[in-house]
Amino acid sequence: MKKIIIACMTLLFLAGCAITDRTSAPTLDKNVKWALLPMENHTETPQASLRMEAITETLLRVKGAMNLEKYPSSMTQDSLFEPADAKAVEAAINWAVQSGARYAVTGTVNEWRYKTGVDGEPAVGVTIKIIDLQTRQVVWDAAGARTGWGREAVSAIAQKLLEDLTGSIKLR
């Protein structure tokens, strides 16, 4: 009985380390052109949105969206501050429409850091959405946050979170 109580307490503790919400995903066409747009960075961590874009790009390709084109950015690894705000995302949506893309993927990074304290746990919070460019309607979106243990990398936690969030997307 004691083992069952400990196991239940452990599961409850681990469940508190992540939270996700997402809309139900329609089945989307993987063979049409996709556009990966800039992500907005609402954190104090420089280039957090570029890191999220890189992970998202790979996850979409793994799901089968091979005809994925990334918005041409003027940023380099030496750029400290990102111009990705709502106006930049709107300009990127217009670029995606003109390039013939059917779906656009964008989002925001709300947290991307190591918490202060003894362990310095990684913490990530993001939103992500898919826009049908023919109707300009959001067809899927999700939000989530996750923390990890002291020896884990922020990027590892972000990848786990984004895998969880995008897991419901169905591409045919």
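Calculation notes
Once a new chain begins, its residue numbering starts again from 1 and follows that chain's sequence as written. Residue-level local features of this predicted model are given only where pLDDT is at least 70; pairs of side-chain atoms are given and counted only at 80 or more, and the full residue set underlies all totals for whole chains, interfaces and linings. Side-chain descriptors were evaluated using all non-hydrogen atoms of the structure, hydrogens and water having been removed beforehand. Buried Ala, Val, Leu, Ile, Met, Phe, Trp, Tyr and Cys residues form a nonpolar core when they are joined through side-chain atoms within 4.5 Å. Partly exposed residues are those whose accessible area sits between 20% and 50% of the maximum for their type, while under 20% is buried and over 50% is exposed, using a 1.4 Å probe and protein chains only. Each helix is a run of DSSP H or I of at least 4 residues and each strand a run of E of at least 2, with the numbering of both proceeding from the N terminus. In what follows, a contact means two residues having at least one pair of non-hydrogen atoms within 4.5 Å. Any two strands are treated as partners once DSSP identifies two or more bridges connecting them. A fitted line through C-alpha atoms serves as each axis, taken over the contacting stretch for helices, and the angle formed by two N-to-C directions is quoted from 0 to 180°. Aromatic rings from Phe, Tyr and Trp, taking only the six-membered ring of Trp, are treated as a pair when their centres fall within 6.5 Å; an angle between ring planes under 30 degrees marks them as stacked, one over 60 as edge-to-face, and anything in between as tilted.

**Considerations on the nonpolar core**
Moving on, step 1. Trp 34 and Trp 112 are the most contacted members of the largest nonpolar core, which has 30 residues in total.
Moving on, step 2. Going through the elements one at a time, strand E3 (34-41), helix H2 (48-63), strand E5 (103-114), strand E6 (122-132), strand E7 (137-147) and helix H4 (154-166) are the ones with two or more residues in this core.
Moving on, step 3. If we skip the residues at most four places from it in the chain, Trp 112 touches Thr 43, Thr 45, Ala 48, Arg 51, Met 52, Ile 55, Ala 123, Val 124, Val 154, Ser 155 and Ala 158.
Moving on, step 4. Counting residues in hydrophobic clusters, the runner-up holds 11 residues, among them Leu 37, Ile 93, Ala 104 and Ile 131.

**Remarks on the pairing of E7**
In the case of a regular strand, side chains alternate between the two sheet surfaces.
Moving on, step 1. Pairing of strand E1 (residues 18-22) with E7, which is carried by 5 bridges, proceeds in the antiparallel orientation. Across the sheet, Ala 18 pairs through a bridge with Arg 146, a residue of E7.
Moving on, step 2. Across 10 bridges, the pairing between E6 and E7 is antiparallel. Bridged to Lys 129 within E7 is Asp 141.
Moving on, step 3. Joining the antiparallel neighbours E6 and E7 is a turn of 4 residues, in which Arg 136 adopts a positive phi near 60°.

**Some thoughts on the sheet that holds E7**
Moving on, step 1. Spatially, 6 strands are ordered E1-E7-E6-E5-E3-E4 in an open sheet, and the strand pairing comes out mixed. Where the open sheet ends on each side, the last strands, each with one partner, are E1 and strand E4 (68-70). Each strand of the sheet is rotated relative to its neighbour by a mean of 20°, with strand direction disregarded.

**Remarks on the packing of aromatic side chains**
The geometry of two aromatic rings is summed up by the distance between their centres and the angle between their planes.
Moving on, step 1. Enumeration according to the criterion identifies 2 aromatic pairs in this entry.
Moving on, step 2. Look at Trp 34 and Tyr 103: their rings are 4.8 Å apart centre to centre, the planes differ by 45°, and that puts the pair in the tilted class. Of the two residues, Trp 34 is situated in strand E3 and Tyr 103 in strand E5; the sequence distance between them amounts to 69 residues.
Moving on, step 3. Residue Tyr 103 is classed as buried on the basis of its relative accessible area of 5%.

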